[in-house]
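# Chain and residue survey
Chain residues, written in single-letter form:
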Amino acid sequence: MPEAILEVRGLVKHYPLTRGILFKKQIGSVKAVDGVDLDLLAGETLGIVGESGCGKSTLAKMLVHLERPTAGAIRYKGEDVTKLSGRALKAVRRNIQMVFQDPYTSLNPRMTVGDIIGEPYEIHPEVAPKGSRRQKVQELLDVVGLDPEYVNRYPHQFSGGQRQRIGIARGLALQPEIIVADEPVSALDVSVQAQVVNLLERLQSDFSLSYVFIAHDLSIVRHISDRVGVMYLGRIVELGEDAEIYDHPTHPYTQALLSAVPVPDPEARVHRERVILTGDVPSPAHIPSGCRFRTRCWKAQERCALEVPLLAVPAVFRLTEGPARHDSACHFAEEKHVVPHEEPPRPRPLESEPEA
Ligand SMILES: Nc1ncnc2c1ncn2[C@@H]1O[C@H](COP(=O)(O)OP(=O)(O)OP(=O)(O)O)[C@@H](O)[C@H]1O
Ligand code: SF4
Ligand SMILES: [Mg+2]
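It should be emphasised that the depicted structure is a prediction, and the values quoted were computed from it without experimental measurement.

Here we take up the site of ligand 1. Around ligand 1 there are 13 residues in total, and Y15, A32, S52, S57 and T58 lie nearest to it. Mapped by element, the contributors of at least two residues to the shell around ligand 1 are β2 (25-41) and α1 (56-63). For the shell around ligand 1, the leading source of residues is α1, giving 3 residues. Looking at the shell around ligand 1 residue by residue, the classes come out as 5 nonpolar, 7 polar and 1 charged.

Structure below.
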């Protein structure tokens, strides 16, 4: 088994909730990320899925050090990055880069593509000394499938897919080992999504990258991920290999999410069991006691309000073998096939990779 390149333990980000304009008084906190444990293995793609507001972007920003955690550890090759500062932190940050969701707002409209992609070299001149930057940037444009001659153009002269390629080139500029991609294709047209996903896969194998891939589209996450973590209200509630999560989910929340995925085959649609979630997602400022999913869980019992279920292989599966034996934070975990086996949620047909 490959080693963990990133180990996340007990990661927490609480934002203070304040009242008053001049004299701010803290009246609570928004628990955006509330105790996340996960490993990113070298060379893998770890997918993260979950509803809007569950803390995916906050988690991503902490992984790339754009946000400081309230508590917890992020160990990169064994060293806790949250304790580093100065030159040591800078060296680690170089190796963990981010690709953002929105290619329209994440690129500065007043900078040329060459300046955007080459900007990280201002902070890390050791990667590309001044004289070699233009050539490096042109190489990067070529790597992401754009014409190196575009180096002097501005972002508005590109399509959405091309802009995301520019964002990816910028993410690659410092030759990182890890890329955290937060909804990298969500803002793109369906046909372009496939091309960008293909590009990310090719780059992963060419440059031995490890990916954290965040998205709310379950089909895309299944297509690209080796393992998948399902997030709910600031925590990972189920974690396993993609087939374990998609074909053998044991957490009621995952089962509900999967049951909402459209099934193209009408025959399979008739036989599938739907799980309809009731109620709204609670506010991250008021997280329910015990199991945080209990207010919407059709299986909730008294124990669920009293005891926090830990993310581990549930006792019922500990002595078994097979795909149901994976981490699931539920006191009453059981397998439920919500997506018909014959017809797993297929990724959209992926085309070859022409220019987006
Ligand atoms: N700077 C901030 N200050 C206060 N609350 C914040 C801040 N950033 C995020 N939050 C809150 O933290 C929670 C998690 O937000 P986050 O953006 O991480 O969710 P998400 O899973 O990425 O959602 P989406 O799928 O919509 O992108 C939300 O309730 C959000 O309102
Ligand atoms: S612990 Fe209880 S409330 Fe939480 S998911 Fe399991 S059954 Fe539902
Ligand atoms: Mg987000």
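Resuming the write-up.
On the UniProt side, "domain: ABC transporter" (unreviewed entry) is annotated at positions that read residues 6-258 here. Secondary structure across residues 6-258 comprises 36% helix and 28% strand; the distance between its end C-alpha atoms is 28 Å.

Turning next to the sheet that holds β2. Across the sheet, which stays open at both edges, the 4 strands sit in the order β2-β1-β4-β5 with antiparallel pairing between neighbours. Each of the sheet's edge strands pairs with one partner strand only, and the pair in question is β2 and β5 (79-80). Where strand β4 (residues 71-76) and β5 come together, 2 bridges link them in antiparallel fashion. Bridge pairing in β5 links R75 to D80. Contacts from α1 reach β1 (4-19), β2 and β4, with the element oriented near 70° to β2.

As a further point, take the sheet that holds strand β10 (residues 235-241). If you walk across this open sheet you meet the 7 strands as β6-β7-β8-β3-β9-β10-β11, and the pairing is mixed. For this open sheet the edge positions go to β6 (96-99) and β11 (327-328), each flanked by a neighbour on one side alone. Sheet topology places β6 next to strand β7 (residues 178-182); 4 bridges connect them, and they run parallel. For M98, the partnering residue across the bridge sits in β7 and is V180.

Rules and cut-offs
By convention here, each chain's residues receive numbers from 1 onward along its written sequence. Chains and ligands are labelled by the order in which they are written, letters from A for the one and numbers from 1 for the other. Reporting in this predicted model follows two pLDDT cut-offs: at least 70 for local features of residues, and 80 or more for side-chain atom pairs to be given and counted; totals over whole chains, interfaces and linings ignore these cut-offs and use all residues. Residues are counted as near a molecule or strand when the C-beta atom, derived from backbone positions, lies within 6 Å of that molecule or strand. For helices the rule is a DSSP run of H or I covering at least 4 residues; for strands it is a run of E covering at least 2, with both sets numbered from the N terminus onward. Gly is put with the polar residues, along with every residue not named as nonpolar or charged; the nonpolar set is Ala, Val, Leu, Ile, Met, Phe, Trp, Tyr, Cys and Pro, and the charged set is Asp, Glu, Lys and Arg. UniProt positions are given in the numbering used here, feature names are shortened, and annotations may be inferred rather than shown by experiment. Following DSSP output, two strands are said to pair if at least two bridges run between them. Contact between two residues is assigned whenever their backbone-derived C-beta positions fall within 7 Å. Every axis in this analysis is a line fitted to C-alpha atoms, fitted for helices over the stretch in contact. Angles between the N-to-C directions lie between 0 and 180 degrees.

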